[in-house]
Amino acid sequence: MSRYLSPTLTSLKPYTPGEQPQDRSYIKLNTNESPYPPATAVVEAIQAETGRLQLYPDPACTALRQAAARYYGIDPDEVMAGNGSDENLFFALRAFCDETHPLAHADVTYGCYAVWCGLLHIPEDVIPLEEDFRLDPAKYYGRGETIVIANPNAPTGLALPPEEIAKIAAANSDNVVIVDEAYVDFGAESCVPLIHSYDNLLVVQTFSKSRQMAGARLGFAMGCKELIADLERVRSSLNPYNINRMTLAAGIAALESTGYFNETRQQICETRAWAAEQLARRGFELTDSRTNFLFARTDRMEGGALYQALRDKGVLVRHFSGPRTSDWLRITVGTLEQMEILMARLDEILGGP
Ligand SMILES: *Cc1c(COP(=O)(O)O)cnc(C)c1O
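Residues numbered from 1 in each chain as written. Predicted model: local features only at pLDDT ≥ 70, side-chain atom pairs only at ≥ 80, totals over all residues. Heavy atoms only, no water.

**Q** Would you mind going over the nonpolar core in detail, with residue names and values included?
**A** By size, the foremost hydrophobic cluster in this structure holds 51 residues, and its most contacted members are Leu64, Tyr140, Leu201, Met213, Phe220 and Met222. The dominant element in this core, judged by the number of residues it contributes, is helix H7 (residues 245-256), at 7 residues. The residues contacting methionine 213, other than those within four sequence positions of it, are Val42, Phe207, Ser208, Leu218, Ala250, Gly251 and Ala254. Core analysis: the second largest hydrophobic core is formed by 29 residues, Phe284, Leu294, Val317 and Met343 among them. (Core = buried A, V, L, I, M, F, W, Y, C linked by side-chain atoms within 4.5 Å. Buried < 20%, exposed > 50% of the residue type's maximum accessible area, 1.4 Å probe, protein only. Helix = DSSP H or I, 4+ residues; strand = E, 2+ residues; numbered from the N terminus. Contact = heavy atoms within 4.5 Å.)

Right, dumping it as structure tokens:
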């Protein structure tokens, strides 16, 4: 135990991010980054901004929020920018939950929700997914507490249609329903259009997965004006300059690079279909992923052992040790070449296709 840590934090369990190894070069399929570089306009926008680093960035993120408003067809007051989705989600929990106002979330979902509950002393209401990892919307009706749903979910890859999210929002009208759409650009449908019908709906998106900007740290929280104003109060109470100049410029350029955005996500979806078929041929069981990763298991080898064997051969995937997930691997969809190497290494490990 630390001599210095506040006693209220002694049981805090931090999030374990996917490895970012520096020792050798791996085929990195473990943190759901894009295998493609950022759009040319993004790189140019960042370069143009470097000469102005002596000045603070715009704390209101005006130009970026206007670009977001144009892109999503919403009002600039209905969107807030955060230092990645992680920051926006943290602000939301800080704003809407506390020691006596719990957060409801699935048992198998993004691990940070539980970590932030620990840091902020928020009680958790953990709602188990079904046996096959589907989320039963009816279990979320009338909870009387803040809810967060990753849609599509991680690491399961499964998505709910917006109509189902709408029913959950309607059945919890006195509480905020947060929809974490980190993976929505890979074949699911966004709930952003619903923010005008449900004033308790907060939709969070990120530039990390589908816009080649994980290293720039940028995400949006979108909801009705009152909800965004509440979040702004929290943001401005912690760090009003949370988005740096280069990221502000990069975000606008990325939103305008629609051609590149559509080409790269289309490519990921095609590679996902190819890799899913290859894995199925090798006897893997897979969920119906609507994301840039596959969630897979096989009777041919236990999950942890397969993860380690792939690592030894220079391919990094993600393995979660939880009781329901320890037999599964989460495999980021990389380039076709990377996925071909993955299949070759799997055949070496498993002794043939
Ligand atoms: C990656 C991810 C995030 C965090 O995204 P950042 O914008 O990089 O902070 C949040 N939620 C889910 C479900 C994610 O997969």
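What follows continues from the structure just given.
**Q** Tell me about the side chain of asparagine 242, and please be specific about residues and values.
**A** Residue position: asparagine 242 is located in the loop between helix H6 (225-238) and H7. There is a polar contact of 2.8 Å between the side chain of asparagine 242 and the side chain of glutamate 87. When neighbours within four sequence positions are excluded, asparagine 242 is seen to be in contact with Ala81, Gly82, Asn83, Glu87, Phe91 and Arg235. (Polar contact = N/O pair within 3.5 Å; in protein donor to acceptor, adjacent residues only side chain to side chain.)

**Q** Describe the packing of aromatic side chains, naming the residues involved and giving the relevant values.
**A** Evaluation of the coordinates by the stated rule reveals 12 aromatic pairs. Here the aromatic rings of tyrosine 71 and tyrosine 72 are separated by 4.9 Å at their centres, their planes lie at 80°, and the arrangement is edge-to-face. Consider the rings of tyrosine 183 and phenylalanine 293, whose centres lie 5.0 Å apart with planes at 85°: the pair is edge-to-face. With tyrosine 183 in the loop between strand E6 (177-180) and strand E7 (201-206) and phenylalanine 293 in strand E10 (residues 293-297), the pair connects residues that are 110 residues apart, well separated along the chain. In this pair, the class of tyrosine 183 matches that of phenylalanine 293, namely buried. Grouped by ring-pair contacts, the aromatic residues Tyr15, Tyr110, Tyr113 and Trp116 constitute a single cluster. One cation-aromatic arrangement involves arginine 211 over tyrosine 71; the distance from NZ or CZ to the ring centre is 5.0 Å. Positioned above the aromatic ring of phenylalanine 261, the side-chain terminus of arginine 211 is 3.8 Å from the ring centre. (Phe/Tyr/Trp six-rings, centres within 6.5 Å; stacked < 30°, edge-to-face > 60°. Lys NZ or Arg CZ within 6 Å of the ring centre and 35° of its normal.)

**Q** Which residues make up the site of the ligand, and what values do they have?
**A** Around the ligand sit Gly84, Ser85, Asp86, Leu89, Tyr110, Asp180, Ala182, Tyr183, Thr206, Ser208, Lys209 and Arg217, and that is every residue in its neighbourhood. Take serine 85: an N or O atom from its main chain is 2.6 Å from an oxygen atom of the ligand. Residue contributions to the shell around the ligand peak at 4 residues, all from helix H3 (residues 84-96). The class makeup of the residues in the shell around the ligand is 4 nonpolar, 4 polar and 4 charged. (Near = heavy atom within 4 Å. Nonpolar A, V, L, I, M, F, W, Y, C, P; charged D, E, K, R; others polar.)

**Q** Break down helix H5 (residues 162-170) for me, citing the residues and quoting the values.
**A** Turning to H5, its buried residues number three or more, namely Pro162, Glu164, Ile165, Ala166, Ile168 and Ala169. If you follow the buried residues of H5, they end up packed against strand E5 (146-150), E6 and E7.

**Q** Which residues make up the packing of helix H2 (residues 62-72) against H7, and what values do they have?
**A** At their nearest, the axes of H2 and H7 sit 9 Å apart, and the two run at 15° to each other. Between H2 and H7, the angle falls in the class roughly parallel. Considering only the axes of H2 and H7, their crossing is left-handed. Side by side, H2 and H7 meet where Ala63, Leu64, Ala67, Ala68, Arg70 and Tyr71 of the first sit next to Leu248, Gly251, Ile252, Leu255 and Glu256 of the second. Considered class by class, the residues forming the contact of H2 with H7 number 8 nonpolar, 1 polar and 2 charged. (Axes fitted to C-alpha atoms, helices over the stretch in contact; angles between N-to-C directions. Parallel < 35°, antiparallel > 145°, perpendicular 65-115°, else oblique. Left-handed = near helix turned anticlockwise from the far one by under 90°.)

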